[in-house]
Structure formats: structure tokens, C-alpha cells
Amino acid sequence: MSNTITSAKPAQSPWLAYYQPNYRATLRLFCFPYAGGSALVFNKWRESLPPFVEVCPVQLPGRGNRLDVPPFTDIDPLVEAAAAALLPYFDVPFAFFGHSMGASISFELARLLRREGRRLPLHLYISGRRAPHIISDDPLLHPLPEAELLDELRQLNGTPKEVLEHPELMQMMLPLLRADFSVAETYVCKPEPPLNIPMTVFGGLSDKDVGREDLEAWREYTTAPFKLRMLAGDHFFLNTSQAILLRLLATELAGLVAHNRHLRSDDVPIVKDFRVQTRIV
């Protein structure tokens, strides 16, 4: 039986902007954006990743083609809604990539799938996000007055200068940014056994907010193999070091597909217990 993705899909979900079926693919990669980001961040990734990967940029409410849908302010209902919408697309082998807020969403989505006895991702790619138990001592952004929030956005270096200097655009963006910052800043990781899913964590060497130790601490959340890869750049190395990130990701995905080449669309790997395995670094 062929391992390629051939299953029929329902009408395209609004959660999957820029989704293009790839019938040569053997793996789906769901990509979750950072606060204020959209699926557009990942739109060009399919051009740099191997043809055996079907890139699925996730469009959260409140942006892009979903401007008319109120954004979530809490991670739990967001993850539950994402699971309900994306579940039909988890019918074949898949992996998650999430940057910053998107990393927390993808991690919690994997834990929700485990709690429900669903098919699990073959790998978690965590990017630019400290481990869940590490609490930042930075001031909260989501309740700041507008002028102070704009100052903080300039410091974060994630919002294009032309957007920051466009008052009308910023008035449109601020409610979304506040909602996303609320998702990220009010997130509390509830105690659960570690996942038995391999994890690769990416970080920026010049990221002043998320240091190497913050990223290393993700080891506690998996009993499967763990890797940490540091790239040049600040918190948004995702954009500034995108070429090397995608090369590394392509190599990782090739290894993942090779290791799991026995999997077919009708195979459903489910974690039925939480036995601790030896951690391989």
C-alpha cells in the first residue's frame, strides 16, 4: 500500500489558510504562528521543504481570512477549537511546528490529543518559547495602555516598522495583539506526565527574553529523544534566519519520514500508558 497522502478531505477549513493538498506527501506539518502572526508567516515554506511534506499553515481567529472571528484570549478554548477543526486532517502521519505562542498551542494540542486517545503527532518542533513551567518576570503586555504597548512592540522587533508607523493599521492590530498576548501571558501548564513524542527545540542566540536554559528545560516534557538547536538572531530568528531554519527542518523531517516509513494512513499510533523511557539526547 502506498504511504502517500491520498485520503479525501472535507471542504477546506478556515483554520488552514494557504493549504494546498500535496498528493506526493507522506507527512503533514501543521504550523502555528506567534502572537500577532498569521498563517502567512508559513505560506512560502512549501517552496523550501521537501516534496514529501504537506505544509499546513494554521490560521487562528482574528487575522487574515478570519478577521471577522473574535480572537481567543485564553489557550484552553483555543486549543479545543483547533482540535475540533483540525481533527479531520490528522488522519495521516503529521507533526507540529509552533513559534512562541504557537509553540504553547501546539504543545497543548498534543496533550489534548493524548488525553482523548487520538492519533498523536510524530514530532513536536518547539520554537522561541521557554518551557511552560518557567514564568517570565517581564511586565504583562496585554493590559498595558496603548502608548506603553506600542513602545513595547517597538522593542520586541516583531512588528514591521511600516505597520507601527501606520495609525490605522495599528488600531486594527492592537485588539488582536492584546488577545494573543493574553493567550501567551495567562497560560498555565497543568501537571501531566511527559509526552512520549520526540521534540526538537529551536532558539535564537540573541533572544533576550528566551535563553538557552529556558529552552533546555523542555527536556522535562518528553520521554522521547530531545534536541536543542540555536540559530543566529533574536526572538524572531524564525524570519531572519529562515533559510537555515528550513534547511535544518528539512533534514529533521527527512529523518522523521525515514524512521516512520512503515506508517500508513490507516495506522493510528496512540499512547495508551505513560511508561517512562530512556531519554536520548
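The structure displayed is predicted, hence computed values, not measured ones.

1. Digging into the confidence of the model for the chain
Then, number 1: In the predicted model, the chain carries a mean pLDDT of 86, and 84% of its residues have values of at least 70.
Then, number 2: Taken together, the stretch residues 265–281 has pLDDT below 50 and engages in 33 contacts with residues farther than four places along the chain or on a different chain.

2. Some words on the packing of aromatic side chains
Then, number 1: Overall, the coordinates contain 16 aromatic pairs when judged by the stated rule.
Then, number 2: Ring centres of Phe32 and Phe96 lie 5.5 Å apart, and the angle between their planes is 85 degrees; this geometry places the pair in the edge-to-face category. Here Phe32, found in strand 1 (residues 27–32), pairs with Phe96, found in strand 3 (residues 94–99); they are 64 residues apart in sequence, far enough to count as distant.
Then, number 3: The exposure class assigned to Phe32 is buried, which follows from its relative accessible area of 0%.
Then, number 4: Residue Phe96 is classed as buried on the basis of its relative accessible area, which comes to 0%.
Then, number 5: Members of the aromatic cluster, connected to one another through ring pairs, are Phe30, Phe32, Phe90, Phe94 and Phe96.
Then, number 6: We note Arg66 situated over the ring of Trp15; from NZ or CZ to the ring centre the distance is 4.4 Å.

3. What about the environment of Phe52?
Then, number 1: On the secondary structure map, Phe52 appears in the loop between helix 1 (45–48) and strand 2 (53–57).
Then, number 2: Considered as a pair, Phe52 and Leu253 are 201 residues apart in the sequence and their alpha carbons are 9.0 Å apart.
Then, number 3: Setting aside its immediate chain neighbours within four residues, Phe52 contacts Arg24, Ala25, Thr26, Leu27, Leu253, Ala254 and Val257.

Thresholds applied
- Residues numbered from 1 in each chain as written.
- Predicted model: local features only at pLDDT ≥ 70, side-chain atom pairs only at ≥ 80, totals over all residues.
- Heavy atoms only, no water.
- pLDDT = per-residue confidence, 0-100.
- Contact = heavy atoms within 4.5 Å.
- Phe/Tyr/Trp six-rings, centres within 6.5 Å; stacked < 30°, edge-to-face > 60°.
- Helix = DSSP H or I, 4+ residues; strand = E, 2+ residues; numbered from the N terminus.
- Buried < 20%, exposed > 50% of the residue type's maximum accessible area, 1.4 Å probe, protein only.
- Lys NZ or Arg CZ within 6 Å of the ring centre and 35° of its normal.

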